[in-house]
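For reference, the chains in residue letters:
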Amino acid sequence: MSTFWSAYIFALTGITILGLVALIFLTRRMPGSSDPEETTGHSFDGIEEYNKPMPKWWLNMFWITIFFGIGYLAWYGIGNYKGLGNWSSAGQLAAETAAHEERYGEIFERFAQIPVEELKDNPQAVRMGQQIFINNCALCHGQTAQGYYGFPNLTDDDWLYGGSGEQIKTSLIQGRRGQMPAWKDTLGSTGVAAVTEYVLELSGNEHNAELAANGEVIYSQMCSACHGPDGTGNIALGAPNLTDNIWLYDNPELDLKQDITLTLNNGRAGNMPAWEDILGSEKVHLLAGYVYSLSHGAR
Ligand code: HEC
Ligand code: HEC
């Protein structure tokens with residue numbers, strides 16, 4: 001905190017406390033100091049108010065709170081003054097983090113030695129991985145990692161970027177960004193409609209065969225470089241397999257044809273954040289083990 005703001009807080013707090021003390025003195029009226037029948041001069045519909053002193057215990061409560069407040073500030077500090085107790089929220093956090101590190105650091109270190117694909121056989125590793133998952137990943141992928149519209153299901157062994165232990169770990173370390181271009185301008189609405197029918201055919205869904213035949217020509221020119229000549233996708237680009245009828249973008253409010261049309265018209269850009277800087281490599285390792293376990297039957 002800058003000296004100015006520290007001084008400002010000091011002054012403001014000091015003035016407030018002195019003001020409270022002054023207020024007590026100004027309104028205090030000692031018992032028997034003057035006429036017991038004296039009134040405050042207030043009159044409500046003819047009912048008058050005696051000017052009696054405050055009960056002593058009541059008055060003392062004010063003093064106690066004021067002294068408590070001064071003592072509290074002296075112990076915990078105010079502004080840049082650290083206080084006699086030398087306590088700070090940052091200090092407490094550091095102490096708790098150190099205690100936590102001491103307690104769990106060794107466990108994380110031990111798990112870091114176990115290959116990702118073998119962590120699933122260790123119930124404690126899976127449980128700890130799940131905890132980290134719920135705190136950091138469930139927001140997007142769901143509590144049970146089942147995914148949502150635009151957020152991949154991590155339990156089904158169908159992968160955009162590959163499902164080996166190392167590939168999952170790479171997804172976590174680097175983050176992932178799927179780049180599907182928009183086709184509305186290049187293909188026009190007839191082109192998009194044709195290639196949509198071809199994607200429906202590829203995935204074994206009901207389709208218009210005539211349009212799909214036109215779509216196949218467009219597909220081989222425009223799409224096969226990323227999704228593969230046979231439509232099975234490319235994990236180097238995160239281009240999904242279009243033949244397995246598992247969809248990243250299947251809005252429950254729309255039917256499949258509408259979803260595919262939307263994808264083709266506007267493009268898509270799924271974004272998975274990178275985690276190594278946030279969680280550290282040992283937690284990422286444990287998480288990769290947990291994600292791997294989801295589709296490989298944790299014991
Ligand atoms: C902000 C939302 C968000 C959060 C938080 C998030 N993810 Fe993701 N994740 C995504 C998206 C979106 C994708 C798909 C990227 C794409 O479309 O190319 C993805 C992809 C993945 C993949 C690759 C899936 C595949 O099929 O190859 C894995 C593994 C993964 N996430 C695990 C995690 C884990 C573990 C965490 C917690 C540390 C996490 N994610 C947190 C949004 C998120
Ligand atoms: C530059 C590479 C690239 C090209 C070219 C490309 N795609 Fe894609 N496509 C992707 C990627 C990457 C994704 C995943 C987007 C994401 O993760 O958000 C995707 C997603 C899709 C999806 C959504 C799949 C799902 O599971 O919901 C469909 C459908 C699709 N593409 C069809 C096509 C068709 C048809 C063409 C040709 C007109 C095409 N793509 C051209 C890279 C490409």
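The following paragraphs examine the structure supplied in this document. Since we're looking at a predicted model, the values are computed, not measured.

**Quick notes on the packing of aromatic side chains**
Using the criterion set out here, one finds 13 aromatic pairs in the structure. Aromatic side chains Trp63 and Phe67 sit 6.3 Å apart centroid to centroid with 25° between the ring planes, which places their arrangement in the stacked category. In this pair, Trp63 and Phe67 both sit in helix H2 (residues 56-76), four residues apart, roughly one turn of the helix. Trp63 gets classed as buried once you look at its relative accessible area, which sits at 18%. Pairing Phe133 with Tyr290 gives two aromatic rings, centres 5.5 Å apart and planes at 55°, and the pair type is tilted. Separated by 157 residues along the polypeptide, Phe133 in helix H4 (residues 123-136) and Tyr290 in helix H12 (residues 281-294) bring together distant segments of the chain. Classification of Phe133 as buried rests on a relative accessible area of 1%. Among the aromatic residues, those joined into a cluster by ring pairs are Phe68, Tyr72, Tyr76 and Trp87. The ring centre of Phe111 lies 5.5 Å from the NZ or CZ of Arg110, which sits over that ring. Across the ring face of Tyr249, the terminal group of Arg268 is positioned such that the distance to the ring centre comes to 4.1 Å.

**Observations regarding the coordination of the iron atom of ligand 2**
Every protein donor of the iron atom of ligand 2 is accounted for by Met180 (SD) and His227 (NE2), and the metal-donor separations fall at 2.0 to 2.1 Å. Classification of the site at the iron atom of ligand 2 rests on its six donor atoms, whose angles at the metal span 87 to 178°, yielding the label octahedral. Note that Met180 is positioned in the loop between strand E3 (176-177) and helix H7 (184-202) and His227 in helix H9 (residues 224-227), a separation of 47 residues in sequence.

Cut-offs and rules
- Residues numbered from 1 in each chain as written.
- Chains lettered and ligands numbered in written order.
- Predicted model: local features only at pLDDT ≥ 70, side-chain atom pairs only at ≥ 80, totals over all residues.
- Heavy atoms only, no water.
- Phe/Tyr/Trp six-rings, centres within 6.5 Å; stacked < 30°, edge-to-face > 60°.
- Helix = DSSP H or I, 4+ residues; strand = E, 2+ residues; numbered from the N terminus.
- Buried < 20%, exposed > 50% of the residue type's maximum accessible area, 1.4 Å probe, protein only.
- Lys NZ or Arg CZ within 6 Å of the ring centre and 35° of its normal.
- Donors = N, O, S within 2.8 Å, 3.2 Å for Na, K, Ca; no water.
- Tetrahedral: all angles 85-135°; square planar, octahedral: opposite > 155°, others 65-115°.

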